[in-house]
Amino acid sequence: MNSTSTTRYSPVAMALHWILAIALVAIFSVGVYMADLPFSPQRLKLYNWHKWAGVCILILSVLRLLWRLTHTPPALPGQVVNAMPGWQTAAYHATHGLLYALFFIVPLVGWAYSSAAGFSIVLFGVLPLPDFVPADKALAELIKPWHEITAFAMAGLAAMHVAAALKHHFVDRDGLLQRMLPTANGQ
Amino acid sequence: MQEMTMKFSTLFKLGALGAALLVTAAHADQKLLPAQSEIGFVSKQMGVPVEGRFKKFDAQIAFDPKKPEVSKIAFTIDTGSATVGAPESDAELPKAPWFNVPKFPQASFQSSAVKGLGAGKFEVTGKLSIKGNVRDVVVPVTLTQNGATTVATGAFGLKRLGFKIGEGDWADTSMVADDVQVKFKLALSGIAKF
């Protein structure tokens, strides 16, 4: 019996997980860096790249959610479930649920802010995207802090997610991390 | 002989001045109504259209719709009144790479020819001067009259680098396109019916 196929994530789920993990770290870093830059072509360039990347991440997140809803992820191994106290199980579900919600909320709030500030998003400089909020200075000021707040919330949750994965791997040594690693050879 | 020439010359100048005064008198009541007028521009930043406008401008107009060819249209625009609606961008516009307001506080337009195309449409040719750079422009204008007010609308394109608007790092047209669209709506009083 090949237990690997049922205990590990599928290649598509792994690809989406790791591509988005790298993309989110990159876009978050660029976002934090660019916000303090003085007015310059460099700043304008980074802002536009950040917006384009955000739209791509939003699209990938839609694909990822669709994949997740149509494919059952591998269940947690019995010994891991048994070893987890109730609060950890609750935190595990809450973290995953909130992360998924934020995969959509953060880019959509950013998009709304850009539109409200009067800068429509033109994907890759060629494809104009619709504005779902009007250009309105007061609205822009209202939205502005929320892109940052939700992004930092996502970063905090992602840090918890990573910390929990590393704890399972290095402290509990229960092989849980192998489920998301393409080259896993031990179960 | 020399005295004679001088006299003729003086007479001629007086005559010209008189004619100019007459023209001015005939059009003295032609005025721009700034509160109902707009001069805007659209530039593209990495493909994103960004709208801006000038808040302060004035015009000296001597325009007869029936004799457009003798008309004179002059504009002055305060470059320091440019806004794109974003405070951090607005703070940059008066600086040297953009409008260089301390050195060039005004942009101007002076018509050289006005041609009637019929049905309230005109073609105004003239010199546009921004940052000390003068370029010929042809501006299509449509007039509509409503009571005592005549509204002139139109749009034309210009190349920002031809006027050195956005120098240095900002000269990169992959960041800010060279083509800028200028749009205007000018409310005028005292224009004769046509």
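Residues numbered from 1 in each chain as written. Chains lettered and ligands numbered in written order. Predicted model: local features only at pLDDT ≥ 70, side-chain atom pairs only at ≥ 80, totals over all residues.

### A look at the overall build of chain B
A tally of regular secondary structure across chain B gives two helices and 11 strands. The order of α-helices and β-strands along chain B, N terminus first, is α-β-β-β-β-β-β-α-β-β-β-β-β. For chain B, with 194 residues in total, the buried portion stands at 22%. Considering only residue pairs separated by 6 or more positions, chain B has 57% of its internal contacts joining residues 24 or more positions apart. (Helix = DSSP H or I, 4+ residues; strand = E, 2+ residues; numbered from the N terminus. Buried ≥ 20, exposed ≤ 12 C-beta atoms within 10 Å, placed from the backbone. Contact = placed C-beta atoms within 7 Å.)

### Observations regarding the overall build of chain A
Secondary structure summary: chain A contains six helices and two strands in total. Reading chain A from its N terminus to its C terminus gives the helix and strand order α-α-α-α-α-β-β-α. Its C-alpha atoms give chain A principal-axis dimensions of roughly 60 × 30 × 25 Å. A buried classification covers 17% of the 187 residues belonging to chain A.

### Topic: the environment of D172 of chain B
Of note, D172 of chain B is situated in the loop between β10 (149-159) and β11 (179-189). Residues D172 of chain B and L161 of chain B, spaced 11 residues apart in sequence, show a C-alpha to C-alpha distance of 9.6 Å.

### What to know about the interface of chain B and chain A
Each partner contributes to the interface: chain B provides 14 residues, whereas chain A provides 13 residues. Of all elements in the fold, only β3 (48-54) and α2 (87-90) of chain B reach the threshold of two or more residues within the side of chain B that touches chain A. Split by residue class, the side of chain B that touches chain A holds six nonpolar, four polar and four charged. (Nonpolar A, V, L, I, M, F, W, Y, C, P; charged D, E, K, R; others polar.)

### Section: the environment of L44 of chain A
Counting through the fold element by element, L44 of chain A comes out in helix α3 (residues 41-70). In this structure L44 of chain A comes out as buried when scored by C-beta crowding, with 20 C-beta atoms within 10 Å. Aside from chain neighbours lying at most four places away, what touches L44 of chain A is Q45, M46 and M175 of chain B.

### Notes on the packing of α3 of chain A against helix α5 (residues 86-116) of chain A
Each pair of packed helices can be summarised by the angle the axes make with each other and by the distance between the axes. Residues and elements named next belong to chain A. Packing of α3 against α5 brings their axes to within 9 Å, and their N-to-C directions diverge by 145 degrees. Taken as a pair, α3 and α5 cross one another with a handedness that is left-handed. Across from K51, G54, V55, I57, L58, S61 and L65 in α3, the residues of α5 making contact are Y100, F103, F104, P107, G110 and S114. Residue composition of the contact of α3 with α5, by class: eight nonpolar, four polar and one charged. (Axes fitted to C-alpha atoms, helices over the stretch in contact; angles between N-to-C directions. Left-handed = near helix turned anticlockwise from the far one by under 90°.)

### Some thoughts on helix α2 (residues 11-34) of chain A
All names here are of chain A. Here α2 contains 24 residues, and its C-alpha end-to-end distance of 34 Å stays within 8% of the 34 Å for a straight helix at 1.5 Å per residue. Looking only at α2, the buried set comprises L24, I27 and G31. If you follow the buried residues of α2, they end up packed against α3 and α6 (137-172). (Expected span 1.5 Å × (residues − 1).)

### So, the packing of α2 of chain A against α3 of chain A
All names here are of chain A. Remark: α2 packs on α3, axes separated minimally by 10 Å, with the N-to-C direction vectors making an angle of 155 degrees. Viewed along their axes, α2 and α3 adopt a mutual orientation that is roughly antiparallel. Between α2 and α3 lies a crossing of left-handed hand. Seen from α2, the contacting residues are V12, A13, L16, I19, L20, A23, L24, I27, V30, G31 and M34; seen from α3, they are R43, L46, Y47, H50, A53, G54, I57, L60, S61, L63, R64 and W67. Partitioning the contact of α2 with α3 into residue classes produces 17 nonpolar, four polar and two charged. (Parallel < 35°, antiparallel > 145°, perpendicular 65-115°, else oblique.)

### Focus: the confidence of the model for chain A
With 95% of its residues at a pLDDT of 70 or more, chain A shows a mean pLDDT of 90. This stretch, residues 1-5 of chain A, has a pLDDT under 50; its non-local contacts, to residues over four places away or in other chains, come to two contacts. (pLDDT = per-residue confidence, 0-100.)

### Side note on the nonpolar core
Within the largest apolar cluster, 28 residues are counted, with the highest numbers of intra-cluster contacts made by I77, V124 and V141 of chain B. Mapped by element, the contributors of at least two residues to this core are β4 (57-62), β5 (72-78), β7 (106-118), β8 (121-130), β9 (133-146) and β11 of chain B. Among the elements that line this core, the one with the most residues is β8 of chain B, at four residues. If we skip the residues at most four places from it in the chain, V124 of chain B touches I73, S111, V114, V139 and V141 of chain B. Judged by nonpolar contacts, the second largest core, of nine residues, contains V109, A116, I143 and A151 of chain A. (Core = buried A, V, L, I, M, F, W, Y, C linked by C-beta atoms within 7 Å.)

### As for the pairing of β5 of chain B
All names here are of chain B. Residues I73, F75 and I77 of β5 are buried on one face, while the alternating residues K72, A74, T76 and D78, pointing to the opposite face, are not. When β4 meets β5, the two strands line up antiparallel, connected through six bridges. Bridge assignment links I61 to a residue of β5, and that residue is I73. Bridge count for β5 against β7 is five bridges, and the pairing is antiparallel. Counterpart to A74 in the pairing with β7 is Q110. (Pairing = 2+ DSSP bridges.)

### Considering the pairing of β7 of chain B
Residues and elements named next belong to chain B. As paired strands, β7 and β8 are joined by nine bridges and run antiparallel to one another. Bridge pairing in β8 links G118 to K121. Taking the residues that link successive antiparallel strands as the turn, the β7-β8 hairpin has two residues, and the phi of A119 there is positive, at about 55 degrees.

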